[in-house]
Amino acid sequence: QVQLVESGGGLVQPGGSLRLSCAASGFTFSSYVMSWYRQVPGKERELVAGFTSAGGSTNYADSVKGRFTISRDNAKKTVYLQMNSLKPEDTAVYFCNAEGQSYGLGYEYWGQGTQVTVSS
């Protein structure tokens, strides 16, 4: 019953902000590396922001550096993506991703995606 349930997407004007949330269940959240991806129609999914380890440093796509911030709250089993100074080119479906290992096996999970639309 692994689940990654996303929320917080919506319509926002250029320059505005949104905070995406991804609530996890069904696995040991604190042991998994969390990240955010996005995808637009006709293009492949791209990494937006992520942790380099379960509790380590972060990395960001060049296009969002200085504007987006990824964070996690292990007690709440939730990962966040704070998006500031949004641009129309940020419009996409945003996906939450979890990657980890259990008993020597690798696992990867995806959220259902949440739409972010930046438009005036």
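Since the structure is predicted, the reported quantities are computational estimates derived from the model, not experimental observations. Once a new chain begins, its residue numbering starts again from 1 and follows that chain's sequence as written. In keeping with the predicted nature of the model, local features appear solely for residues at pLDDT of at least 70, side-chain atom pairs appear and are counted solely at 80 or more, and the whole-chain, interface and lining totals rest on all residues. Side-chain calculation: all heavy atoms of the structure are included, whereas hydrogens and water are not.

K.L.:
Hey, could you run me through the overall build of the protein in this one?
P.N.:
On a plain count of helices and strands, the protein comes out with zero helices and 11 strands. Strands here are runs of E lasting at least two residues and helices are runs of H or I lasting at least four, both read from the DSSP assignment and numbered beginning at the N terminus. Going residue by residue from the N terminus, the α and β elements of the protein occur as β-β-β-β-β-β-β-β-β-β-β. Throughout, radius of gyration means the C-alpha value; the globule benchmark is 2.2 Å times the number of residues raised to the power 0.38. Relative to the globule expectation of 14 Å for 120 residues, the C-alpha radius of gyration of the protein, 14 Å, shows essentially globular dimensions. Taken along its principal axes, the extent of the C-alpha atoms in the protein is 50 × 25 × 25 Å. Each residue is assigned to one of three classes by its accessible area relative to the maximum for its type, calculated with a 1.4 Å probe on protein chains only: buried under 20%, partly exposed between the two thresholds, exposed over 50%. Put simply, the protein has 120 residues, and 39% of those count as buried. In this analysis, two residues are considered to be in contact whenever any of their non-hydrogen atoms come within 4.5 Å of each other. Of the contacts formed within the protein by residues at least 6 apart in sequence, a portion of 54% connects residues at least 24 apart. For the protein, the exposed surface amounts to about 6,400 Å²; the carbon and sulfur share of it is 47%. Charge counting follows a simple rule: Lys and Arg are positive, Asp and Glu are negative, and His as well as the terminal groups are ignored. Charge placement uses NZ in Lys and CZ in Arg. For Asp and Glu, CG and CD serve respectively. The centroid of the 10 positive side-chain charges in the protein is displaced by 6 Å from the centroid of its 9 negative side-chain charges. All accessible areas in this document rest on Shrake-Rupley with a 1.4 Å probe, and a residue is counted as covered only by the protein chains that are shown.

K.L.:
Help me out: how do you make sense of the state of the cysteines in this one?
P.N.:
Linking two cysteines covalently through their sulfur atoms gives a disulfide. Put simply, a disulfide is two cysteine sulfurs that come within 2.5 Å. For the structure on display, the rule yields one disulfide. There is a disulfide in this structure between C22 and C96, and the S-S distance comes to 2.2 Å. Handedness here is read from the sign of the S-S torsion; for C22 and C96, about -85°, the answer is left-handed. Of this pair, C22 sits in strand β3 (residues 18-25) while C96 is found in strand β9 (residues 92-102), placing the two residues 74 residues apart along the sequence.

K.L.:
I would appreciate a short explanation of the sheet that holds strand β8 (residues 78-83) in the present structure.
P.N.:
In any sheet, the strands associate via hydrogen bonds between backbone groups, in a parallel or an antiparallel arrangement. Two strands pair under a simple rule: DSSP has to find at least two bridges between them. Pairing is antiparallel in the open sheet, where four strands are placed in the order β1-β3-β8-β7. Of all the strands in the sheet, the pair left with one neighbour each is β1 (3-7) and β7 (68-73). Across the sheet, the axes of successive neighbouring strands diverge by a mean angle of 15°, strand direction being ignored. Note: β1 against β3, five bridges, orientation antiparallel. By the bridge assignment for β3, V5 is matched with A23. Between the N-to-C directions of two axes lies an angle of 0 to 180 degrees, each axis being a line fitted to C-alpha atoms and, for a helix, fitted only over the stretch in contact.

No statement about biological role is implied by the geometric values presented.
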